[in-house]
Amino acid sequence: MTENIIIIGGGQSGVQLCDSLRTEGYIGAITLYANETHLPYQRPPLSKDFIAEGADAVALPLRAERFFADRAVDFYPGVSVTSIDLGTKTVTLSDETSTSYTSLVFATGARNRTLTIEGSKLAGIHYLRTLDDATLLRKELAQATRTVVVGAGFIGLEFAAAARQRGLDVTVLEFGPRPMGRVLSEPMSRYFTEAHTRNGISMKLGEGISAFAGDERGRITSAIGTSGTEYPADLVLVGVGVIPNDDLASAAGIDSDNGIIVNATLQTSNPDVFALGDCARYPHAQTGTMTRLESVQNATDQAKTLAKTLTGYPAIYDSLAWFWSQQGPIKLQIAGITDGHDKSVLRGNLQANKFSIYCFRDTALVGVESVNSPADHMTARRVLTNGFPISPEQIADSSFDLKSHLKALEIAE
């Protein structure tokens, strides 16, 4: 069989893998199939820069247009894989042709979780995941005056801040007790609630969505919360999480459970099949738990790691997780995963909107959340990556120079 690595998915992880394979010296064929017809683009700007008033309606490319030719990648936009035969190591495509592989990689990402409540099909209700989603949303924002955001996660709050900057009345409905509760400490969630409220966004916490109401034309007029309160809206953005695209893998007989199950080298239950990015559930080196992460860092670093394995140098994925979110003038950066922390220490100036919250579990630092403090974030990544001991008492001491302490630890190694 002619050597051919097939990659399913043209997002961050799939494109990075193409690049990294060539960097690692792979000389065989690389074939990339992507559902979307666009050249691969960056997703994070879609919820903020792309929809900002006056911004260019052009997606930022992941690579230059010549990238695929330069890297000798056979790229097929708008072509999807419909089935996989693990026995014959072939994939069937949406154009009804089939082709064989020596290694197969799922970089299929995730899709939006959708609502099926009363009125959920009304015009003016949007989800945001793709460039086409963002393009339509941008067009309708130009005529909107009142928007409701369902879900106070990263995407919802990034959009809410961008809509507010455009002058819209914005209401955020969040069923949980605090925004971004799945990823942030309680003090940081509280800070964002207060910051968005000061900016004129109405934050309705503990308020879910029960239905939507529309007019005779079938267009949204209001969102009805679980409390029964009606919130007028001529545009709604729903951001209630995503579902990993693991259906194709599962149908082929590959172990999946809230993502495609992989080991530390990103190999699935089939030795010739791998998965990475938003669709993969892997053993996290820092937490010791099976984890699925939705971040550019995770997609990029997993692709770089997998490229080593696929070129004959098996590598374990153990990169530190880090994330960011730009919500209006506030840049949030997170290093590490803070789930299960039992103590948090604030360091910096809360009133000046420039501070960090250090999260500890059993006195061990597990993550750092930073607002408008990129130096803190970079230092935190160095501390966490190297496993350097830092105590809550040291962080709480304003005279403690973390940078100098870190430098001394690095020299001592």
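Residues numbered from 1 in each chain as written. Predicted model: local features only at pLDDT ≥ 70, side-chain atom pairs only at ≥ 80, totals over all residues. Heavy atoms only, no water.

Asks: Explain the packing of helix H1 (residues 12–23) against helix H7 (residues 296–310) to me, and be specific about the residues and the numbers.
Replies: Axis separation between H1 and H7 bottoms out at 8 Å; the angle between their running directions is 35°. The way H1 lies across H7 gives a crossing that is right-handed. Every residue of H7 that contacts H1 at Gln12, Ser13, Gln16, Leu17, Ser20 and Leu21 is listed here: Val296, Ala299, Thr300, Ala303, Lys304, Leu306, Ala307 and Leu310. By residue class, the composition of the contact of H1 with H7 is eight nonpolar, five polar and one charged. (Axes fitted to C-alpha atoms, helices over the stretch in contact; angles between N-to-C directions. Helix = DSSP H or I, 4+ residues; strand = E, 2+ residues; numbered from the N terminus. Left-handed = near helix turned anticlockwise from the far one by under 90°. Contact = heavy atoms within 4.5 Å. Nonpolar A, V, L, I, M, F, W, Y, C, P; charged D, E, K, R; others polar.)

Asks: Hey, could you go over the domain arrangement of the chain for me, with residue numbers and the actual values?
Replies: Annotation of the chain at the domain level lists domain 1 (4–111 + 243–311), domain 2 (114–238) and domain 3 (329–412). Measuring from the centre of the C-alpha atoms in domain 1 to the corresponding centre in domain 2 gives 30 Å. At the interface, 18 residues of domain 1 touch 15 residues of domain 2. Interface of domain 1 and domain 2: buried area, both sides summed, is about 1500 Å²; carbon and sulfur atoms make up 55% of it. When the buried surface of domain 1 facing domain 2 is broken down by residue, Ser47, Phe50 and Ile51 rank first, second and third, together holding 35% of it. Connecting domain 1 to domain 2 are two salt bridges. Where Lys48 meets Glu158, a salt bridge forms, and the shortest distance between an N and an O atom there is 3.1 Å. Across the side of domain 1 that touches domain 2, the residue classes break down as nine nonpolar, two polar and seven charged. (Domains from an automatic or database assignment. Buried area = accessible area lost by both parts, 1.4 Å probe. Salt bridge = Lys/Arg side-chain N within 4 Å of Asp/Glu carboxyl O.)

Asks: Can you break down the pairing of strand S11 (residues 169–174) residue by residue, with the values?
Replies: Most of S11 sits out of view: five of its six residues are buried. Direction of pairing for strand S10 (residues 146–150) relative to S11: parallel, over a ladder of five bridges. Across the sheet, Thr147 pairs through a bridge with Val170, a residue of S11. The handedness of the S10 to S11 crossover, carried by helix H4 (residues 154–165), is right-handed. Relative to strand S12 (residues 202–205), S11 runs parallel, the two sharing four bridges. From the neighbouring strand, Glu174 faces S12, where its bridge partner is Leu205. (Buried < 20%, exposed > 50% of the residue type's maximum accessible area, 1.4 Å probe, protein only. Pairing = 2+ DSSP bridges. Right-handed = clockwise from strand over helix to strand, strands pointing away.)

Asks: How would you explain the UniProt feature "domain: Reductase C-terminal" (unreviewed entry) in the chain if you had to name every residue and give the values?
Replies: According to UniProt, the positions carrying the feature "domain: Reductase C-terminal" (unreviewed entry) are residues 322–405. Between the C-alpha atoms that bound residues 322–405 the distance is 22 Å, and the span itself is 26% helix and 43% strand. (UniProt positions renumbered as here; feature names shortened; annotations may be inferred.)

Asks: Explain the nonpolar core residue by residue, including any values.
Replies: Of all hydrophobic cores here, the largest spans 90 residues; its most connected members are Ile7, Ile84 and Phe106. Excluding anything up to four places from it in sequence, Ile7 contacts Gly14, Leu17, Cys18, Leu21, Ile30, Thr31, Leu32, Tyr33, Val105 and Ala107. Grouped together as the second largest cluster of nonpolar side chains are 16 residues, Ala335, Leu384, Ile395 and Leu402 included. (Core = buried A, V, L, I, M, F, W, Y, C linked by side-chain atoms within 4.5 Å.)

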